[in-house]
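# Descriptive analysis of the structure
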Amino acid sequence: MYSNKENINILTSLLIEWGVTDAVVCPGSRNAAIVHNLNECGTINCHPITDERSAAFYAMGMALCTKRPTVVCVTSGSALLNTAPAVAEAYYQHVPLIVIAADRPQQWIDQLDGQTLPQPDALNRFVRRSVSLPEPRNEEERWYCNRLVNEAMHAATFRQPAPVLINVPITEPLFTFDVAELPQERRFRMLDSDVTLTDATIEALQQELFKAKRPLIVVGQTAADGFGSSPFDIGELAKHFVVFAEPLSNSSSETIHFDEAVRRLTTHPEQQDGECDDASRYAPDYIIYIGDTLVSKATRRWLRQTQAPSCLVTADPLNACDPLMSLRYIVTCSNADLKLLMPALCDIYTHSDRYADNEAAWRNEESRKKYWNDWRGLLEKWADHAEKYEPEYSQMAAVRCLEQQIESASVRINTHYANSTAVRLGCIYAKHYVWCNRGVNGIEGSLSTAAGFAVSNKDLNVCIIGDLSFFYDQNALWNSCVGGNLRILLLNNSCGGIFKQLPNLHKSPVADTFVGASHTTTAQGICAQNNVEYISAHNAEEMKRGISELLTHKGNRPMLLEVFTDADTDAETLSKYFRGCT
């Protein structure tokens, strides 16, 4: 029987999955449940050593001999500090030493309780990764616990090995052993052992895709290749697979509008294509995730709910993330190598004779075609809706007008969208690569980033930004290096408009004042003091003329167009758009 502590059981199961066969265990009450599990599992040999200083070196010696990750398990408090000399030695010898330390609950650290000290960062200088496992109370915390153990073991064993710390806070009672079996835990794996993209890796990924009935490829934010072009052809990829991509990943017309489609799938599934059906036929059964973040929160949430196994294609496999909570495989692929990987993925359909002996794979072909056709029909419907939808005078109308004029412009234009409503509107209308600070998604610095880009790039650079972001970052205009190739479309509805779209927030009496930061500020004075040409718009005609001037005016000073709109109208116009395609 195993401990009733779920974090300990998850840890034990994953140690087995990662090939741990030896554990040096030290005496103590707080770590007793961990030691019990290690002994009980039957596949890990436990070696009792009393002195933690010596125990850690014992474990390092075993790891040096076996070339496998080896555990040293200690109790809480100073016991962990005693492993430091061995951990430092393991760090410089590149040994996969797995330090597992039991800990007291976080609330009792530094509260004069016995055998307590801040453990998670105690060895930080000499471990590649340090994690502290939660005691899960729900499925999300259970996933988090699983992910942390996987991340630590991956860090310890990937490429050049290194020591790691797995800290395990445990609440009392400590000694209940009534769980009959360890849980089955998913493990992160490199799809191929090579650290660069190889033919073997491509072949393995093709095999995974060919087994899927409903494969889907997600392309998050990617770095631009050259002047805002994609490092690979997303449009070609979309001819063979369902692809979710955004302007931040240089999407093609075949891949945009999935955010709108997912919103409808999750709110009114019975209305899709006129059929009485749920969203299950649109759910993937295998996902390849390329690039960084997606703007669409609805899509991230839905993809997580599908629980489809996912493969992460990343240039940094040591710091692999699990954005869809379903990571199974990791593929190492640099931005440059994506140009090689994408044609190879498409190739599985044009040269699928190599899988002629795989009957199960061939039986999936019809399902894959139906899945592709279902999604293509849904995305085309939303593309048509976006084209025909005529928003009333609003921020949405301003972005639509801007993107229409950019599309027909005769000069190269770089677009920089600020976070919040601005980039979400850009994802509806932009048909080209866009820059946006989506790493952390903060409102600060969007204007400064665009201005800095414009200093180094002499093409026309347009920053589309909301009022709070603009006023927060107005010092970007205070510098003499800013020139006439910087143009700003300021969307001013006198508050943080994104907060108007949050369900039930309006019920709070401070929704507008304290949360939405309502104001009566304009940019005219800021422009005057910073030598920025200023124009404004209060209706549709002024807005259209202003955007035309913004994109065509010749001059050596930055130019700003401030479009004044009503926040409630902005919110309702966008809501009506999302409701409009049935």
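Throughout what follows, the structure given in this document is the object of discussion. (Residues numbered from 1 in each chain as written. Predicted model: local features only at pLDDT ≥ 70, side-chain atom pairs only at ≥ 80, totals over all residues. Heavy atoms only, no water.)

### Details of the pattern of salt bridges
Tallying each qualifying case throughout the model produces 24 salt bridges. The partner of Arg189 in a salt bridge is Glu17, and the shortest N-O contact between them spans 3.2 Å. Of this pair, Arg189 sits in strand S7 (residues 189-190) while Glu17 sits in helix H1 (residues 6-17), placing them 172 residues apart in sequence. Given a relative accessible area of 35%, Arg189 falls into the partly exposed group. Under the relative-accessibility criterion, Glu17 is labelled partly exposed at 31%. Where Glu365 meets Lys369, a salt bridge forms, and the shortest distance between an N and an O atom there is 3.7 Å. In this pair, Glu365 and Lys369 are both assigned in helix H13 (residues 365-388), four residues apart and thus about one turn of the helix distant. Among the charged side chains, a network of salt bridges with common partners joins Glu6, Arg142 and Glu185. (Salt bridge = Lys/Arg side-chain N within 4 Å of Asp/Glu carboxyl O. Helix = DSSP H or I, 4+ residues; strand = E, 2+ residues; numbered from the N terminus. Buried < 20%, exposed > 50% of the residue type's maximum accessible area, 1.4 Å probe, protein only.)

### Topic: empty space enclosed by the protein
This model, assessed by the stated rule, comprises two cavities of 30 Å³ or more. Of the pockets and cavities examined, the second largest cavity occupies roughly 50 Å³. As for the second largest cavity, its lining consists of Ala238, Phe241, Val242, Val243, Glu254, Trp372, Trp375, Arg376 and Leu379. Listed by contribution, the elements that provide at least two residues to the lining of the second largest cavity are strand S9 (242-245) and H13. Top element by residues in the lining of the second largest cavity is H13. It accounts for four residues. (1 Å grid on protein atoms, 1.4 Å probe; cavity = no way out; pocket = protein on both sides within 12 Å on 5 of 7 lines; lining within 4 Å. Points joined across faces, edges and corners; volume = space filled by probe spheres on them.)

### A closer look at the pairing of strand S1 (residues 22-25)
Residues Asp22 and Val24 line one face of S1 and the alternating positions Ala23 and Val25 line the opposite face, and both faces are buried. Sheet topology places S1 next to strand S2 (residues 45-48); four bridges connect them, and they run parallel. Opposite Val24, over in S2, you have His47 as the bridge partner. Note that the unit made of S1, helix H2 (residues 32-40) and S2 has a crossover that is right-handed. Pairing geometry for S1 and strand S3 (residues 70-74), over three bridges, is parallel. Residue pairing in the sheet places Val24 in a bridge with Val72 of S3. (Pairing = 2+ DSSP bridges. Right-handed = clockwise from strand over helix to strand, strands pointing away.)

### As for the sheet that holds strand S11 (residues 310-314)
Spatially, six strands are ordered S7-S12-S11-S10-S8-S9 in an open sheet, and the strand pairing comes out parallel. The sheet is open, and its two edges are formed by S7 and S9, each paired on a single side. Pairing geometry for strand S10 (residues 286-290) and S11, over four bridges, is parallel. From the neighbouring strand, Tyr289 faces S11, where its bridge partner is Leu312.

### Some remarks on the packing of aromatic side chains
Enumeration over the complete set of coordinates arrives at 13 aromatic pairs. Taking the centre distance of 5.0 Å and the plane angle of 75° together, the rings of Phe244 and Trp375 count as edge-to-face. Note that Phe244 is positioned in strand S9 and Trp375 in helix H13, a separation of 131 residues in sequence. Of the two residues, Phe244 and Trp375, neither departs from the other in class, the shared state being buried. A centroid spacing of 5.4 Å and a plane angle of 80° characterise the contact between Tyr282 and Trp375, whose relative ring orientation is edge-to-face. Here Tyr282, found in the loop between helix H9 (258-267) and S10, pairs with Trp375, found in helix H13; they are 93 residues apart in sequence, far enough to count as distant. Pair check on accessibility: Tyr282 and Trp375 agree, each one buried. Among the aromatic residues, those joined into a ring-pair cluster are Phe244, Phe258, Tyr282, Trp302 and Trp375. One cation-aromatic arrangement involves Arg187 over Trp18; the distance from NZ or CZ to the ring centre is 3.8 Å. In this structure, Arg368 packs its charged tip against the face of Phe210, placed 4.6 Å from the ring centre. (Phe/Tyr/Trp six-rings, centres within 6.5 Å; stacked < 30°, edge-to-face > 60°. Lys NZ or Arg CZ within 6 Å of the ring centre and 35° of its normal.)

### As for the sheet that holds S2
Spatially, six strands are ordered S2-S1-S3-S4-S6-S5 in an open sheet, and the strand pairing comes out parallel. What marks the edges here is a single partner per strand, and that holds for S2 and strand S5 (129-132). The average undirected angle you get between the axes of adjacent strands in this sheet is 20°. Most of the contacts of H1 go to strand S6 (residues 164-169), to which it runs at about 150°, and overall it touches S3, strand S4 (97-103) and S6. (Axes fitted to C-alpha atoms, helices over the stretch in contact; angles between N-to-C directions. Contact = heavy atoms within 4.5 Å.)

### Observations regarding the nonpolar core
Counting residues in hydrophobic clusters, the biggest one holds 103 residues, and the most contacted among them are Ile100, Ile166, Phe244 and Trp375. Beyond its immediate chain neighbours, meaning those up to four positions away, Phe244 contacts Leu216, Ile217, Val218, Val219, Thr255, Phe258, Val262, Thr299, Trp302, Leu303 and Trp375. (Core = buried A, V, L, I, M, F, W, Y, C linked by side-chain atoms within 4.5 Å.)

### Considering the packing of H9 against helix H21 (residues 567-579)
At their nearest, the axes of H9 and H21 sit 9 Å apart, and the two run at 75° to each other. On the basis of their axis angle, the class for H9 and H21 is roughly perpendicular. On the side of H9, the interface is formed by Asp259, Glu260, Arg263 and Arg264, while H21 contributes Tyr577, Phe578 and Arg579. Looking at side-chain class alone, the contact of H9 with H21 contains two nonpolar, no polar and five charged residues. (Parallel < 35°, antiparallel > 145°, perpendicular 65-115°, else oblique. Nonpolar A, V, L, I, M, F, W, Y, C, P; charged D, E, K, R; others polar.)

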